[in-house]
Every structure is written in C-alpha cells, then in structure tokens.
Amino acid sequence: MPFPPPIPRKILTAAALMVLLASCQVGAGPRSVPTVPQIGSDLKCAPADHGYADQQLGWGFCYPSSWRYTEKVQATDSPSGVDLTFEITCLSDCKPQCPTPASGPPASCPPEIGLFGFMIISTDDRAGATDLNSWLSAKLPHATRGDPLGWGNALEATRLADGRLVALTPHNVVILDVHPSLLDLDGEMKSRLATWKFTY
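Residues numbered from 1 in each chain as written. Predicted model: local features only at pLDDT ≥ 70, side-chain atom pairs only at ≥ 80, totals over all residues. Heavy atoms only, no water.

J.: When you look at the overall build of the protein in this model, what are you seeing that I'm missing?
T.: The helix and strand tally for the protein stands at three helices and ten strands. Overall, the protein shows an N-to-C arrangement of helices and strands of α-β-β-β-β-β-α-β-β-β-β-α-β. A burial count over the protein gives 34% of its 200 residues as buried. Once local pairs closer than 6 in sequence are excluded, the contacts in the protein between residues at least 24 apart make up 53%. Only carbon and sulfur atoms are counted for the fraction: they give 60% of the accessible area of the protein, which is about 12,900 Å². (Helix = DSSP H or I, 4+ residues; strand = E, 2+ residues; numbered from the N terminus. Buried < 20%, exposed > 50% of the residue type's maximum accessible area, 1.4 Å probe, protein only. Contact = heavy atoms within 4.5 Å. Areas by Shrake-Rupley, 256 points an atom, 1.4 Å probe, with all protein chains shown as cover.)

The following block contains the structure:
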C-alpha cells in the first residue's frame, strides 16, 4: 500500500499560523471597527444624542438617545412621495409639553419618564419646481407660508402657519409634521434642526 505524498512545508506553516492566530482571538481584547456604515454615523450629533439617516430618501437628523421609535413607511400620491411615521417612546429624562401661561414667566416642567410622541416626515418629489414658493403654490396651495428658517443644509426652508416645516433639497421637498403630545417632541426636534443633513 503506497504512502500518501508528504504535505508541502508551506501548507504546514500556513496551517500552524492560522491555529496560532485563532488562539490569539480568545479573550477580552479590543473589538474591530465595523466595516458596514452605521445609521446616522456621519451626522454631527451631541454626545447624548443618536443619529438617524435614511440613505434612500436622502436625509438624516439627531435625536435624544433616550428615545425609542417604531417606523412605518407609506407611499403618497398627492404630492407624490413617501411618508415615514415615527411612534416615539421616551424612556428617561423626557421633556414634557408644558402649558403656556397667559401671563407671567413660562412654566418650568421637570423631566419625566415614559412619554410618547408621533411625527411624520414626508419626502416628496420637487416635480420641476425651481424654488420652495413655486412648489408650495402647486402642491399645497391652501397652506399659509410663514417666515424662512435655517434647517440643516436645505436650499430653502419655511414654517407653515399650521406648524409644519418644509425644506427644499436639490431633488426633493421634505416636510416635518410633529403632532401634539405629552412629550415636547416639537421643541426637541426644532432644537436639532441644525443637525439635519440632506444628501439628495
């Protein structure tokens, strides 16, 4: 019975090196950096915030790290686009919606836990509109336009009389619609408008 041919020295050396490297991986050493881009990792958020980014819709923003959300997607026809709904639960250090007094200084409300909020972020096609005013006239003719505002790197942005914020980006129009709730979602989102990044 013939003997099998000897294993080449290079293969034996490579196998021994692989066993040695595998044994070095056991233990509590430093972890490698993930190679897959993390959601919202390119946003400039405060240390206590997290980032959310939707690469397909072309925008992202920062939000408090104590928030948890459930997201749903729905296509829209008029105007043509996509609505993302966010059901938000604030787990700790939640800023409540304080009542506005008729006179005197604003009320001071202590943080709470377990507050809820709801908002819709619509991403609509510009449909050939050259500026925000022409888009609003064509798509939301009954909306009353308010003052311009700074909103991340949007080309133009405004606040509508009903409280919605509208931003013009190179290819889309983004609408932030925050619904009233016990959580001061409106204040938290508006205080972070500068963190928004529009990429499409």
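J.: How do you make sense of the pairing of strand β4 (residues 81–90) when you look at a structure like this?
T.: Two faces belong to every sheet, and in a regular strand the side chains alternate between them. Of all ten residues in β4, seven are buried; the element is thus mostly enclosed. One ladder, built from ten bridges, connects strand β3 (residues 67–76) with β4; its direction is antiparallel. Directly across from Trp-67, in β4, lies its bridge partner Cys-90. Counting the residues between successive antiparallel strands, the hairpin from β3 to β4 contains four residues. Pairing geometry for β4 and strand β5 (residues 115–125), over ten bridges, is antiparallel. Its bridge partner lying in β5, Thr-89 is registered against Phe-116. (Pairing = 2+ DSSP bridges.)

J.: I would appreciate a short explanation of the sheet that holds strand β7 (residues 156–160) in the present structure.
T.: The pairing of strands in a sheet happens through backbone hydrogen bonds and is either parallel or antiparallel. Taken in spatial order, the seven strands of this open sheet run β3-β4-β5-β9-β8-β7-β6, and their pairing is antiparallel. Two strands bound the open sheet, and with one partner strand each, they are β3 and β6 (145–148). Pairwise comparison of adjacent strand axes, ignoring direction, gives a mean angle of 20 degrees for this sheet. Where strand β8 (residues 165–168) meets strand β9 (residues 172–179), four bridges bridge the pair, whose relative direction is antiparallel. (Axes fitted to C-alpha atoms, helices over the stretch in contact; angles between N-to-C directions.)

J.: How should I be thinking about the pattern of salt bridges in this particular structure?
T.: Oppositely charged side chains can form a pair if their charged atoms are brought close together. Under the criterion given, the structure shown has seven salt bridges. In this structure, Arg-164 engages Asp-162 in a salt bridge whose closest nitrogen and oxygen atoms are separated by 2.9 Å. Ionic pairing is found between Glu-188 and Arg-192, a salt bridge with its closest N-O pair at 3.2 Å. Residue classification places Glu-188 among the buried positions, given a relative accessible area of 7%. A relative accessible area of 13% means that Arg-192 is categorised as buried. Residues joined in a network through salt bridges with shared partners are Asp-49, Lys-95, Glu-188 and Arg-192. (Salt bridge = Lys/Arg side-chain N within 4 Å of Asp/Glu carboxyl O.)

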